[in-house]
2 protein chains.
Amino acid sequence: MAALTGPKQDRSRATRQRLLEAAVSCLAEHGWAGSTVAVVAERAGVSRGAAQHHFPTREDLFTAAVEYVAEERSQALRELPAVGRQEAVAALVGLFTGPLFRAALHLWVAASDEDQLRARVTELEARVGRESHRMAVALLGADESRPGVRESVQGLLDMARGLGLATLLTDDRARRDRVVAQWARLLDEALG
Amino acid sequence: MAALTGPKQDRSRATRQRLLEAAVSCLAEHGWAGSTVAVVAERAGVSRGAAQHHFPTREDLFTAAVEYVAEERSQALRELPAVGRQEAVAALVGLFTGPLFRAALHLWVAASDEDQLRARVTELEARVGRESHRMAVALLGADESRPGVRESVQGLLDMARGLGLATLLTDDRARRDRVVAQWARLLDEALG
């Protein structure tokens, strides 16, 4: 077998990464209807053929893109130095704002109407959701063997998702900060 | 001036109502891209001319529809007999599931990409959001003069919105019920 490293593989990996990042930006800005492999290839400065070599279908490209960027953001949170609960909650809420969340939301809403996309996105969301939960437990120092702790953390992530949705149309940062501070206090008591 | 009641006005009101209900179903099932005045008129069994008499633009029709159904659902909650906190929280979370929430979500996501729609939906959401908050405060018997209570209620509505989003693709009722039960307990302590 040919070696899996070397200049050719590096170029291929770089191309793939450019496509994934362009796909998330495209989805965040133009929604599902405006997002095709051709549009993303052009945006990434990659030929359409090369794009289709990496991602045979539109569904492949956009689900991989959302997963890739979600993984990048999770990784950044895992590398945070130990922080207090208040900062941990704020960091988790931050996962649900910005271009990644907009892109994921577009994909999510489109999937609710399109059977082909639905199965892929449902599976993707389950995976990303489990990963966010694991990361939240670690970041909050939560002991899930205690009753109610698991559901408290889940509810926090649901709240963060709802706050992200509210942020889609208006930047309500001041309100968001107050809600996050109060929920962090409630969570702190619940987690002990 | 002509009297504003009578068979003609009743018919006009009934037509308007049929259009609004058809618009919400259409949006929930086909999304913004598949939702036009013509499609809704046909679904409601109303001529396109009559539909345009009531709602001159597509934006008029769909924002009015989401507001109308949201108001209907709020009214139903206001008419609930006095319930405990646990049931109150469950009823509030219920506002963010089902066809109304799906329709609102489609409108919301479309508005994030379309300037013309954005201003209308932002204003609509602010109005509906204030109304949901007022209703939640009443239903929970919350005293907003106490520190943290206002933000606790806001966070609950954000969590309900996030849970609604999760329900879009998968019916995770069992998980939702556990999260709602736990946060109802935490909220009960916070509200005193």
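Residues numbered from 1 in each chain as written. Chains lettered and ligands numbered in written order. Predicted model: local features only at pLDDT ≥ 70, side-chain atom pairs only at ≥ 80, totals over all residues. Heavy atoms only, no water.

Going by an unreviewed UniProt entry, chain A carries the name TetR family transcriptional regulator and comes from Streptomyces showdoensis.

K.L.:
Sorry if this is basic, but what is going on with the overall build of chain A here?
P.N.:
Along chain A, the regular secondary structure elements total nine helices and zero strands. When the elements of chain A are put in sequence order from the N terminus, they spell out α-α-α-α-α-α-α-α-α. Principal axes of the C-alpha set define a box for chain A whose edges measure 55 × 40 × 30 Å. When contacts within chain A are restricted to residue pairs at least 6 apart in sequence, long-range pairs at least 24 apart make up 67% of them. Surface summary for chain A: the accessible area is close to 9,000 Å², and the carbon and sulfur share equals 52%. Here chain A holds 25 positive side-chain charges and 26 negative ones, and the gap between their average locations is 3 Å. (Helix = DSSP H or I, 4+ residues; strand = E, 2+ residues; numbered from the N terminus. Contact = heavy atoms within 4.5 Å. Areas by Shrake-Rupley, 256 points an atom, 1.4 Å probe, with all protein chains shown as cover. Lys, Arg positive; Asp, Glu negative; His and termini not counted. Charge placed at Lys NZ, Arg CZ, Asp CG, Glu CD.)

K.L.:
In this structure, what is going on with the UniProt feature "DNA-binding region" (unreviewed entry) in chain A? I would like to understand it.
P.N.:
Taking the UniProt record as the reference, the feature "DNA-binding region" (unreviewed entry) is found at residues 36-55 of chain A. Between the C-alpha atoms that bound residues 36-55 of chain A there is a distance of 11 Å. The span itself is 75% helix and 0% strand. (UniProt positions renumbered as here; feature names shortened; annotations may be inferred.)

K.L.:
Help me understand the side chain of Ser112(B), please; the structure alone is not making it clear to me.
P.N.:
All names here are of chain B. Inspection of the secondary structure assignment puts Ser112 in the loop between helix H6 (98-111) and helix H7 (115-140). Judged by relative accessible area, which is 8%, Ser112 ranks as buried. Among the polar contacts made by the side chain of Ser112, one reaches the main-chain carbonyl oxygen of Val109 at a distance of 2.8 Å. (Buried < 20%, exposed > 50% of the residue type's maximum accessible area, 1.4 Å probe, protein only. Polar contact = N/O pair within 3.5 Å; in protein donor to acceptor, adjacent residues only side chain to side chain.)

K.L.:
I'm lost on the side chain of His54(B) in this one. Help?
P.N.:
Examined against the element boundaries, His54(B) turns out to sit in helix H3 (residues 48-54). The residues contacting His54(B), other than those within four sequence positions of it, are Ser12(B), Thr15(B), Arg16(B) and Leu19(B).

K.L.:
Looking at this model, I keep getting lost on the interface of chain A and chain B. Mind explaining?
P.N.:
Interfaces are often described in size by the accessible area the parts lose on coming together. In this complex, chain A contributes 42 residues to the contact, which on the side of chain B involves 41 residues. Here chain A and chain B share an interface that buries about 3,400 Å² over both sides, 64% of which is from carbon and sulfur atoms. Counting the surface chain A buries against chain B, the share from its top three residues, Leu165(A), Leu169(A) and Trp183(A), is 20%. Our count for the contact surface shared by chain A and chain B stands at four salt bridges. Asp158(B) is the salt-bridge partner of Arg175(A), the closest N and O atoms lying 3.0 Å from each other. At the junction of chain A with chain B, the criterion picks out 16 residue pairs in polar contact (both at pLDDT 80 or more). Of all elements in the fold, only helix H1 (7-30), helix H6 (98-111), helix H7 (115-140), helix H8 (149-167) and helix H9 (173-191) of chain A reach the threshold of two or more residues within the side of chain A that touches chain B. (Buried area = accessible area lost by both parts, 1.4 Å probe. Salt bridge = Lys/Arg side-chain N within 4 Å of Asp/Glu carboxyl O.)

K.L.:
What should I look at first to understand the packing of helix H5 (residues 85-94) of chain B against H7(B) in this one?
P.N.:
Think of two packed helices as two axes; the pair is described by the angle between the axes and how far apart they sit. Residues and elements named next belong to chain B. Orientation of H5 relative to H7, taken along the N-to-C sense of each, is 160°, at an axis distance of 9 Å. Between H5 and H7, the angle is such that the two are roughly antiparallel. In this structure, H5 crosses over H7, and the sense of that crossing is right-handed. Where H5 abuts H7, its residues Arg85, Ala88, Val89, Ala91 and Leu92 lie against Met135, Ala136, Leu139 and Leu140. Each residue belonging to the contact of H5 with H7 can be placed in one class, and the counts come to eight nonpolar, no polar and one charged. (Axes fitted to C-alpha atoms, helices over the stretch in contact; angles between N-to-C directions. Parallel < 35°, antiparallel > 145°, perpendicular 65-115°, else oblique. Left-handed = near helix turned anticlockwise from the far one by under 90°. Nonpolar A, V, L, I, M, F, W, Y, C, P; charged D, E, K, R; others polar.)

K.L.:
In this structure, what is going on with the environment of Gly148(A)? I would like to understand it.
P.N.:
Looking at the secondary structure, you find Gly148(A) in the loop between H7 and H8. Linking Gly148(A) and Val37(A), residues 111 residues apart in sequence, is a C-alpha distance of 44 Å.

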